[in-house]
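Single-letter residue listing:
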Amino acid sequence: MEQKYEARIKELEAKLSSPSSEDQQPVTSTGRGPTFANVRRDFKITGKIGEPGSKDSLGFSSLIHQVEHGLKRGYTDTEVLSAVITAVSPNLPLRSYLEGRVDLTVPKLRKILRVHFREKDATEVYVELTKLTQTKAESPQDFLLRALDLKQKILFSSMEDEAAVKYDVDLVQALFLHTVITGLRSEQIKWEIKQLADDKASNDEALLEVVGKTAKQVTERQGKLQNRLQTASVESNVASSIVNQVPKEPKQGRDGKPKLYDEVQALKSEVSALRVAIEENARRNNRGGGRGRRHPGCEACREAGNQDGCNHCYRCGGGNHFARNCRNGQGGPQGNLGRSLLGGEEGPTSGSPNTVSSLGQNASH
């Protein structure tokens, strides 16, 4: 019984794998509706044509690629033009303009769309590729994709019939590799691309693979180094805190005593020398018998406030002599008569025998 069912299953599988001649006959119309063999889908543009630079709008390259793909699949120019006009946003003046053009063709549509999307010509894109560099916030993969996009735009613009300058593929490829190598920030990725550039059979896919793999290794290495630096910083901070907690021993001087002791002794010596100098200065100022300094001017001029212009004797107020030669005032002789001849120290009092003998000796000389 089981063998019978197995044989039946194998027979059905054989029929399914090799369809009969009835299944291979084309389906014809029965008059009740269209046959599926003759039905073809209408050509449509995937996406919307909006303002240039908007996020939801199609790009010029993507739109032209869909147009060329539709033409290769056998769609007529009228079907392609209708699909493109339908994809244009209704609120744009471009749509009403295209709908009003009776003599519109696919080449004319390409020129109009290039103006609408503000596309640069091949020369402008070529110059832009020469100045391309990787930004700080940009990954190596994104930078490479930007360079590839510019390269394709140059080649695409050069293939158009109305292109003023047509760039050679090898020339654009050489410029592309030079821009990528000089524009990348990672030296390791540059080295890997140089090794790949020596291989003439390399393509864009191999370049993307190498850059992605090398960028992943560089990122991983930088993460490890960052963790190592953070660990070393933590260990250094811990060691510094431990060292700061240990009491420091005082520095030793020449004789084995703490250096602070020597500094205190030197400070004491300086203070002592300063004190001696102050005392010596005070002693010099006090020489002269302890008499206070007299105010200039006689008593009458001082009371009148004219002591600066006084030319009288400061002792008696007379106008025919000075205070040092005054004989009318009280006290001993003025000037140097009240002092000894040695260093300005006070000598004997006036009227003493020593004073008289000294005066006599001076007169004799």
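Residues numbered from 1 in each chain as written. Predicted model: local features only at pLDDT ≥ 70, side-chain atom pairs only at ≥ 80, totals over all residues. Heavy atoms only, no water.

### So, the overall build of the chain
Thought 1: Along the backbone of the chain there are 14 helices and 0 strands.
Thought 2: For the chain, the proportion of its 365 residues judged to be buried stands at 24%.
Thought 3: Long-range contacts, defined here as pairs at least 24 residues apart, represent 48% of the contacts in the chain between residues at least 6 apart.
Thought 4: If you sum the accessible surface of the chain, you get close to 27,700 Å²; carbon and sulfur atoms cover 52% of it. (Helix = DSSP H or I, 4+ residues; strand = E, 2+ residues; numbered from the N terminus. Buried < 20%, exposed > 50% of the residue type's maximum accessible area, 1.4 Å probe, protein only. Contact = heavy atoms within 4.5 Å. Areas by Shrake-Rupley, 256 points an atom, 1.4 Å probe, with all protein chains shown as cover.)

### Concerning empty space enclosed by the protein
Any empty space left between atoms is shown by rolling a water-sized probe over those atoms.
Thought 1: Evaluation of the coordinates by the stated rule reveals 2 cavities of 30 Å³ or more.
Thought 2: Its volume calculated, the largest cavity comes out at about 60 Å³.
Thought 3: Lining the largest cavity we find Gln173, Leu177, Ile193, Leu196, Ala197, Ser202, Asn203, Asp204 and Leu207.
Thought 4: Per-element accounting of the lining of the largest cavity gives the leading share, 3 residues, to helix α10 (residues 187-197).
Thought 5: Taken together, the residues that form the lining of the largest cavity break down as 5 nonpolar, 3 polar and 1 charged. (1 Å grid on protein atoms, 1.4 Å probe; cavity = no way out; pocket = protein on both sides within 12 Å on 5 of 7 lines; lining within 4 Å. Points joined across faces, edges and corners; volume = space filled by probe spheres on them. Nonpolar A, V, L, I, M, F, W, Y, C, P; charged D, E, K, R; others polar.)

### Here we look at the environment of Leu144
Thought 1: With respect to the helices, strands and loops of the structure, Leu144 is situated in helix α8 (residues 140-159).
Thought 2: Measuring from C-alpha to C-alpha, the distance between Leu144 and Asp204 comes to 9.7 Å, with 60 residues separating the pair along the chain.
Thought 3: Among residues more than four places away in sequence, those in contact with Leu144 are Phe176, Val180, Leu207, Leu208 and Val211.

### Details of the packing of aromatic side chains
Thought 1: The final tally for this structure, using the stated rule, is 4 aromatic pairs.
Thought 2: Ring geometry for Tyr126 versus Tyr167: centroids 4.7 Å apart, planes at 10 degrees, classification stacked. A residue pair is termed long-range when its members are at least 10 positions apart, and Tyr126 in helix α7 (residues 122-130) and Tyr167 in the loop between α8 and α9 (169-183) qualify at 41 residues.
Thought 3: Members of the aromatic cluster, each reached through a chain of ring pairs, are Phe60, Phe117 and Phe156.
Thought 4: Positioned over the ring face of Phe176 is Lys151, at 4.7 Å from the centre of the ring. (Phe/Tyr/Trp six-rings, centres within 6.5 Å; stacked < 30°, edge-to-face > 60°. Lys NZ or Arg CZ within 6 Å of the ring centre and 35° of its normal.)

### A short note on helix α6 (residues 106-116)
Thought 1: Considered for burial, the residues of α6 that qualify are Val106, Leu109, Arg110, Ile112, Leu113, Arg114 and His116.
Thought 2: Of the surrounding elements, those touching the buried residues of α6 are α3 (60-72), α4 (77-87), α5 (93-100) and α8.
Thought 3: One or two residues past the end of α6 sits Arg118, with phi positive at roughly 55 degrees.

### Some thoughts on the confidence of the model for the chain
Thought 1: On average, the chain scores 75 in pLDDT, and the residues at 70 or more come to 67%.
Thought 2: Ranking the elements of the chain by mean pLDDT puts helix α14 (residues 353-364) last with 41 and α4 first with 92.
Thought 3: In this model, residues 19-31 is a region of pLDDT below 50 whose contacts with residues beyond four sequence positions or in other chains number 5 contacts.
Thought 4: Between residues 331-365, whose pLDDT stays under 50, and residues either more than four places distant or in other chains, the model counts 27 contacts. (pLDDT = per-residue confidence, 0-100.)

### What to know about the environment of Lys48
Thought 1: In this structure, Lys48 sits in the loop between α2 (21-24) and α3.
Thought 2: Taking relative accessible area as the criterion, Lys48 reaches 47% and is therefore assigned partly exposed.
Thought 3: Counting along the chain gives 36 residues from Lys48 to Val84, while the straight-line C-alpha distance between them is 9.2 Å.
Thought 4: Not counting residues within four places of it along the chain, the set of residues in contact with Lys48 comprises Asp56, Ser57, Leu58, Thr86 and Ala87.

### Regarding α9
Thought 1: Here α9 is 15 residues long and its end C-alpha atoms lie 21 Å apart, about the 21 Å a rise of 1.5 Å per residue gives.
Thought 2: Within α9 the residues assigned to the buried category are Val172, Leu175, Phe176, Leu177, Thr179, Val180, Ile181 and Gly183.
Thought 3: One side-chain oxygen of the residue at the start of α9 lies 3.1 Å from the amide nitrogen of Asp170, identifying that residue as Asp168. (Expected span 1.5 Å × (residues − 1). Polar contact = N/O pair within 3.5 Å; in protein donor to acceptor, adjacent residues only side chain to side chain.)

### Here's the deal with the side chain of His116
Thought 1: Within the secondary structure, His116 sits in helix α6.
Thought 2: Beyond its immediate chain neighbours, meaning those up to four positions away, His116 contacts Ile49, Gly50, Pro52, Leu92 and Leu94.

### Examining the packing of α7 against α9
Thought 1: Interhelical geometry of α7 versus α9 gives an angle of 30 degrees and a closest axis separation of 9 Å. Of the possible angle classes, the one that applies to α7 and α9 is roughly parallel. Here Tyr126, Leu129 and Thr130 of α7 lie close against α9, whose contacting residues are Leu171, Leu175, Phe176 and Thr179.
Thought 2: Of the residues in the contact of α7 with α9, the class split is 5 nonpolar, 2 polar and no charged. (Axes fitted to C-alpha atoms, helices over the stretch in contact; angles between N-to-C directions. Parallel < 35°, antiparallel > 145°, perpendicular 65-115°, else oblique.)

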